[in-house]
Structure formats: structure tokens, C-alpha cells
Amino acid sequence: MASKATFELTAAQQRLLNDMPLTFLVGFDEAKRWPISHAISWVQALDPVTIRLALTKNSHIVTILSTEKTAGLIFIEDGQSYHVLLSSIREFEPMMKPSLHLRFFEGHVEEVRNISFYGAAYAQPEITKTYDIRAAEKLDREVKESLHS
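Residues numbered from 1 in each chain as written. Predicted model: local features only at pLDDT ≥ 70, side-chain atom pairs only at ≥ 80, totals over all residues. Heavy atoms only, no water.

**Topic: the side chain of Gln 13**
In this fold, Gln 13 is placed in helix H1 (residues 11–18). There is a polar contact of 2.9 Å between the side chain of Gln 13 and the backbone nitrogen of Thr 10. Dropping the residues within four chain positions of it, Gln 13 is found in contact with Glu 8, Phe 75, Glu 77, Tyr 82 and Val 112. (Helix = DSSP H or I, 4+ residues; strand = E, 2+ residues; numbered from the N terminus. Polar contact = N/O pair within 3.5 Å; in protein donor to acceptor, adjacent residues only side chain to side chain. Contact = heavy atoms within 4.5 Å.)

**Details of the pairing of strand E7 (residues 102–114)**
The pairing of strand E4 (residues 50–56) with E7 spans seven bridges and is classified as antiparallel. Across the sheet, Arg 52 pairs through a bridge with Glu 106, a residue of E7. (Pairing = 2+ DSSP bridges.)

**Brief notes about the pattern of salt bridges**
All told, the structure shown has eight salt bridges when counted by the stated rule. Note that Arg 33 and Glu 30 form a salt bridge whose closest N and O atoms lie 2.8 Å from each other. A residue is classified by how much of its surface remains accessible, and Glu 30, at 39% relative accessible area, is partly exposed. In this structure, the salt-bridge partner of Glu 93 is Lys 97, at a minimum N-O distance of 2.7 Å. The exposed category is assigned to Lys 97, whose relative accessible area is 58%. Connected via shared salt-bridge partners are Arg 52, Arg 90 and Glu 106. (Salt bridge = Lys/Arg side-chain N within 4 Å of Asp/Glu carboxyl O. Buried < 20%, exposed > 50% of the residue type's maximum accessible area, 1.4 Å probe, protein only.)

**Some details on the pairing of strand E6 (residues 80–92)**
Side-chain positions along a regular strand alternate between the two faces of the sheet. Relative to E6, strand E5 (residues 71–77) runs antiparallel, the two being bridged by seven bridges. Paired with Leu 73 across the two strands is Val 84, which belongs to E6. The turn linking E5 back onto E6 is made up of two residues, and Asp 78 within it adopts a positive phi angle of 55°.

**Focus: unusual backbone geometry**
Its identity as a non-glycine residue notwithstanding, Arg 33 has a phi of 65°, on the positive side. By the secondary structure assignment, Arg 33 is in the loop between strand E1 (23–29) and strand E2 (34–40). The exposed category is assigned to Arg 33, whose relative accessible area is 55%. Even without glycine at this site, Ser 88 takes up a positive phi of about 50°. For Ser 88, the location among the structural elements is in strand E6.

**Section: the packing of aromatic side chains**
Inspection of every chain in the model, using the stated rule, returns three aromatic pairs. With a centroid separation of 5.8 Å and an interplanar angle of 25°, the aromatic rings of Phe 75 and Tyr 82 are classed as stacked. Look at Phe 75 and you get buried, because its relative accessible area is 1%. Note on Phe 117 and Tyr 122: the rings are 5.9 Å apart at their centroids and 85° apart in plane angle, and the pair reads as edge-to-face. Taking the relative accessible area as the measure of exposure, Phe 117 reaches 57% and is therefore exposed. For Tyr 122, a relative accessible area of 24% translates into the label partly exposed. Its guanidinium or amino end placed over the ring of Phe 92, Arg 52 lies 3.9 Å from that ring's centre, counting from NZ or CZ. (Phe/Tyr/Trp six-rings, centres within 6.5 Å; stacked < 30°, edge-to-face > 60°. Lys NZ or Arg CZ within 6 Å of the ring centre and 35° of its normal.)

Now the structure itself:
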């Protein structure tokens, strides 16, 4: 059964994304004619129709976002998986910059769709940082502040 699309994030989806959960960013590499996916957590919903994200500067998806201006974002919320179609993606320079050199992007929510299969419920995966936990927490705080600046 196909789900109906909505055209903005719910308040619960905004709160979830602002907690920096595991999300998957999907873009389309036009030159190679195939999709490119990245697991990310540096995502923030500024409002129901604006999503910002941070990526490492040398990530291949940076090139995709810079040229294609559209992407998909997949995440799990309240036992269901969702796909957000982002358009008008543009790079921006935050007023506050983290200690790590990153690239920052903002996109407009065009569509939010429940992409769960019938009879399924999912749990949000736990993210375990595999490097210095204090450094990871500091960087996450810096990135979150940068995405909101």
C-alpha cells in the first residue's frame, strides 16, 4: 500500500533530526548514472521545510549536491522509515565554524513519505563513536551550533 506524501516535517520528525540520529543521504551522480549514498548524523531541521547538513569537505556527495541541487534523506522515526526529498540545495557558510573543516548545505523539503513496508516497525540504530568520546561530543556540539548559525 502506497503512503501519502506530506510536504513538511512533523514536529516529532524535526525534534528527531535535531538529535542527530543516523540518517542516509542519497544523491544522483549524473556522470556515472547511479545513486550515491552516505550515512550521516550532522543534520538539523531548522523548521518544517528547511534541513541543513554538514559533510566532510572531501566527500564525493559534496560534488553531487553542488551540481544536482536535489537529494533524498532517509531516517527512522517512531518505528517507521521516512524519505525526505530535498530540492534547491545550496551551500552556505555558517557564522560559527567548527574545528574540523566541513562543508555546509541547506535544502528545501519538497516531500516526506513513509517508505516502510507493510507490517514492519524499526528501531533507531544506536551510533557508537569509535574515537575519543569527549572529542566526538565536542565536535557534535560545534557542528550543531554551526548548522544553526
